[in-house]
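Structural features, examined
Here is how the chains run, residue by residue.
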There are 2 protein chains.
Amino acid sequence: MKVIIRKAIKKDADSILKLIKELALFEGEVDEVILTKESIERDGFGREKLFNCFIAEYDFKVVGIALFYARYSTWKGPTLHLEDLIVTESMKGRGIGKQLYEAFISFAISKGVKRVEWVVLDWNKSAIKFYKKRGAKILKDWRTVQLKIND
Amino acid sequence: MKVIIRKAIKKDADSILKLIKELALFEGEVDEVILTKESIERDGFGREKLFNCFIAEYDFKVVGIALFYARYSTWKGPTLHLEDLIVTESMKGRGIGKQLYEAFISFAISKGVKRVEWVVLDWNKSAIKFYKKRGAKILKDWRTVQLKIND
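Definitions and limits used
- Residues numbered from 1 in each chain as written.
- Chains lettered and ligands numbered in written order.
- Predicted model: local features only at pLDDT ≥ 70, side-chain atom pairs only at ≥ 80, totals over all residues.
- Helix = DSSP H or I, 4+ residues; strand = E, 2+ residues; numbered from the N terminus.
- Buried ≥ 20, exposed ≤ 12 C-beta atoms within 10 Å, placed from the backbone.
- Least-squares fit on C-alpha atoms with pLDDT ≥ 70 in both.
- Contact = placed C-beta atoms within 7 Å.
- Axes fitted to C-alpha atoms, helices over the stretch in contact; angles between N-to-C directions.
- Parallel < 35°, antiparallel > 145°, perpendicular 65-115°, else oblique.
- Left-handed = near helix turned anticlockwise from the far one by under 90°.
- Nonpolar A, V, L, I, M, F, W, Y, C, P; charged D, E, K, R; others polar.

1. A look at unusual backbone geometry
All names here are of chain B. Even without being a glycine, Phe60 presents a positive backbone phi close to 65 degrees. Secondary-structure assignment places Phe60 in the loop between β2 (52–58) and β3 (61–73). In this structure Phe60 comes out as exposed when scored by C-beta crowding, with 7 C-beta atoms within 10 Å. Residue Asn150 is not a glycine yet carries a positive backbone phi of 50 degrees. Among the secondary structure elements, Asn150 is positioned in the segment after β7 (142–148).

Take a look at the structure:
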């Protein structure tokens, strides 16, 4: 049985949500997830697409996702942001994350954007090593600022 | 003479680029700016809008910008990202940055997004104080990762 990487379709919405919740649960923050299957269907596969997604499929099951969207740099123009790269716990260690990452990078190259971007936890040394090995730069002095509104 | 905050129009493209370059010059990185007036016209005011922008105008001149675009959180759904908040050097210290910031926040509230986001340099204590005072959270353990492609 081989892992297949493909573009997500509307029918994947529930599987995508399950992976998002699996990760949030692992991080002890599952109550923070207000996204629903319906909002994923609308925002990812509706008239106005707010994100794109690659799926890793194994034995007809969704076992991983790479979810990303367009951003804009006032230096470089259009860029892509990798929001989530998730592989289900039981399938880790088989290079699926790597395959999803590569699908995302290939897509970005084909789109002609000059930069791709994402965030990483500073204590996640193995991820940082993986990204650096592939030429990525870890910005040390920039901090993300978030403000909750309309709560 | 009063500062006016308004939405950017296509004719502002050149003024927007000047402010972007002024900031990049200050940061010693002006050669990194590959954006042109034409790309700003296309990406901000063309058929497919990649960003939105508020303008601060004083004495019929553009003296500041707040440039932002949509992002997507797999926990919260649609969010907005403030990419640049720039006030020209000679007009700093008059509260123009604050007015632009507030225009952005008001816009985000009106759009119903649950979160707004941006980045700040960790040594910029006055900016961090400003954001914290307004309820924003500075994420200490997340790092931005960037990979240049199609160079």
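Text resumes after the structure shown.
2. What about the relation of the copies chain B and chain A?
The transform that puts chain B on chain A rotates by 180 degrees and translates by 0.0 Å along the axis, for an RMSD of 0.0 Å. Such values leave the two copies arranged in the relation of a two-fold axis. Counting the interface residues of chain B, we find that 100% of their copies in chain A are interface residues as well, pointing to one common contact surface.

3. Things to note about the packing of helix α1 (residues 13–26) of chain A against helix α2 (residues 37–45) of chain A
Residues and elements named next belong to chain A. Interaxial distance between α1 and α2 falls to 9 Å at its minimum, and their mutual angle equals 115 degrees. Judged by the angle between their axes, α1 and α2 are roughly perpendicular. Handedness of the α1/α2 crossing: right-handed. Facing α1, whose interface residues are Ala13, Asp14, Ile16 and Leu17, α2 presents Lys37, Ile40 and Glu41. Of the residues belonging to the contact of α1 with α2, the class tally is four nonpolar, no polar and three charged.

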